[in-house]
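Chain by chain, the residues run as shown.
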Amino acid sequence: MRSAMLLLRTAAAVVCLAALSAQLSAKDKPAPAAANKSSGDASVNRPASAAPVDASGWSGQSGSSGDPTMTADAIKLATANFKKCIENEWPEAQRRGVTRATFDAYTAKLTPDLQIMDLLDDQPEFAKPIWEYVDSIVTDERIAQGKAALDQYRETFDAVEKATGVDRSVIAAIWGVETNYGKARDTRPVIRSTATLACIGRRQGYFREEFVTALEILQQGDIAPERFNGNWVGAFGGTQFMPTTYKRFAVDFDNDGKRNIVDSVADMLGSTAKALKAFGWSTGQAWGYEIALPQNFNYFLASGPARTVGRWGGIGVTLVDGKPLPQDKSIAAVLLPAGAEGPAFLALGNYQVLLNYNPAEPYALAVAALSDRLRGGGPFVHTWPHDARMLTAAERFELQDLLLRRGLLFRAPSGRFDQATRYAVQKFQSSNGMTPDGFATATVLERLRM
Ligand code: CA
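In this text, all values refer to a predicted model and were calculated from it rather than measured experimentally.

(A) Highlighting the sheet that holds strand β3 (residues 288-292). Reading across from one edge, β4-β6-β7-β3-β5 is the order of the five strands in this open sheet, with antiparallel pairing throughout. Since the sheet does not close on itself, it has two edges, and those belong to β4 (307-308) and β5 (318-319), each with one partner. Where β4 and strand β6 (residues 331-335) come together, two bridges link them in antiparallel fashion. Looking at the pairing, Thr-308 lines up with Ile-331 of β6.

This is the structure we're talking about:
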């Protein structure tokens, strides 16, 4: 799931990245992000030809996921069946309290937004390195604008912090990552996007629930229909809630009788904090911090069970400036998002909360880094390994295939890097004189080919 989102995110515009996730994690499992991107399908590339675009804005091409519901013919068939598919949701909508008048008002003239099918299967050829994503988010401009937003809404942040115990810098960072503090305006009607995805393409099961929930939101009238716009997966508001996330966590923080996360900054901030609190936020705890590893660090520990901060200190892990780690019994994990050559972090429980909110490592790290900066902290000390070349989709398959042939991996290549793949890479590195950090770059692939 995590890698699914990651793919999604990297593929999608920065704006819609985060949105997706919140919903997912909150929900069962299809991540919203996952909605956009697919999980294992990093593999295939869309044919590069510039196909004709029909009136709906759709390329008319089969998707790159290889999913049978994403062929051009399947999309056309589902489009022909769109009206019937929407009508099939009426009994469930009625059960949720949606009136026939509301249902008709928002669905009678509804047509699918087929451009979303192109977005759903848009897979990048190269996996974008995590530092490119983090660096694109944590810019001087976004830091300055975040500080200005914290200042402008100081009283609201005071009240939200008091009510929920969630750190304002983190809430502001999520706002900044998701929509650049509301400056990125969504233009797609949520009802249309979720209806499209509920009836066409490979995420229908997940989006049926989002579509019916969007109808519930319109029925309740907290958000004006003409303001109920989101990104192409239907995530809306300054922190990009999916409809089901809204249903679970939205609050009327400004006490005007409506839970309006689109037009009320107070409702949006309060709702975001409520979601983080529900995901387990520990008041007063950091998300984690950058660390330095001892010379002889056993990298297999980084993929092993979490241990207390104190125990990490006991094996020579220090703060990045060499000072000792705090005496802390909190459980923490060592993160090496770019391998041994990149920065290392100790991630505490609140980092996991960010992943619960949106299970994509680049997202969580970008929010964490931006929150540090908004609090007045500095950038990460250790530089990223900018020279490392990430693998192409085809190379990810090849790497897994080579690991399989060497008896280090035990399942068919998927192109998706999960824990098992990382561990297999570690074992290969370890037995070939390389630092076993599990970071699968082109260098590792070249060694495997020998
Ligand atoms: Ca309100």
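(B) View of the environment of Ser-64. Examined against the element boundaries, Ser-64 turns out to sit in the loop between α3 (32-36) and α4 (72-80). For Ser-64 and Leu-120, which are 56 residues apart along the polypeptide, the C-alpha to C-alpha distance reads 9.2 Å.

(C) Spatial organisation of unusual backbone geometry. Even without a glycine there, the phi angle at Asn-180 is positive, about 50 degrees. With respect to the helices and strands, Asn-180 occurs in the loop between α12 (168-179) and β1 (188-189). One non-glycine residue, Asn-255, lies in positive phi territory at about 55 degrees. Secondary-structure assignment places Asn-255 in the loop between α15 (243-249) and α16 (265-278). Look at Asn-255 and you get exposed, because 9 C-beta atoms sit within 10 Å.

(D) Layout of the pairing of β3. Examined bridge by bridge, β3 and strand β7 (residues 344-347) share four bridges and lie antiparallel to one another. Its bridge partner lying in β7, Tyr-289 is registered against Leu-346. Pairing of β3 with β5, which is carried by two bridges, proceeds in the antiparallel orientation. Residue pairing for β5: Ile-291 is matched across the bridge by Leu-319.

(E) How the structure looks around the confidence of the model for the protein chain. When pLDDT is averaged across the protein chain, the result is 88; 87% of the residues are at 70 or more. Per-residue pLDDT stays below 50 along residues 1-50; that stretch engages in 168 contacts with residues further than four places along the chain or on separate chains.

(F) Focus on helix α18 (residues 349-357). A large share of α18 lies buried, amounting to seven of its nine residues. Buried within α18 are the following residues: Asn-350, Tyr-351, Val-353, Leu-354, Leu-355, Asn-356 and Tyr-357.

(G) Seen up close, the nonpolar core. Core analysis: the largest hydrophobic core is formed by 115 residues, its most contacted members being Val-134, Ile-171, Leu-354, Ala-364, Ala-366, Val-367 and Leu-370. For this core, the leading source of residues is helix α19 (residues 361-374), giving nine residues. Residue assignment places this core across two domains, with domain 1 (41-124 + 185-278) and domain 2 (393-449) each supplying three or more. Those residues in contact with Leu-354, other than ones at most four positions away along the chain, are Trp-287, Ala-364, Val-367 and Ala-368.

(H) Representation of the environment of Gln-285 within the structure. Looking at where Gln-285 falls in the secondary structure, it is placed in the loop between α16 and β3. We classify Gln-285 as partly exposed; it has 15 C-beta atoms within 10 Å. A C-alpha to C-alpha distance of 9.9 Å links Gln-285 and Tyr-351, two positions 66 residues apart in sequence. Here Gln-285 is in contact with Ser-330, Leu-348, Gly-349 and Asn-350, once residues within four sequence places are set aside.

Cut-offs and rules
- Residues numbered from 1 in each chain as written.
- Predicted model: local features only at pLDDT ≥ 70, side-chain atom pairs only at ≥ 80, totals over all residues.
- Pairing = 2+ DSSP bridges.
- Helix = DSSP H or I, 4+ residues; strand = E, 2+ residues; numbered from the N terminus.
- Buried ≥ 20, exposed ≤ 12 C-beta atoms within 10 Å, placed from the backbone.
- pLDDT = per-residue confidence, 0-100.
- Contact = placed C-beta atoms within 7 Å.
- Core = buried A, V, L, I, M, F, W, Y, C linked by C-beta atoms within 7 Å.
- Domains from an automatic or database assignment.

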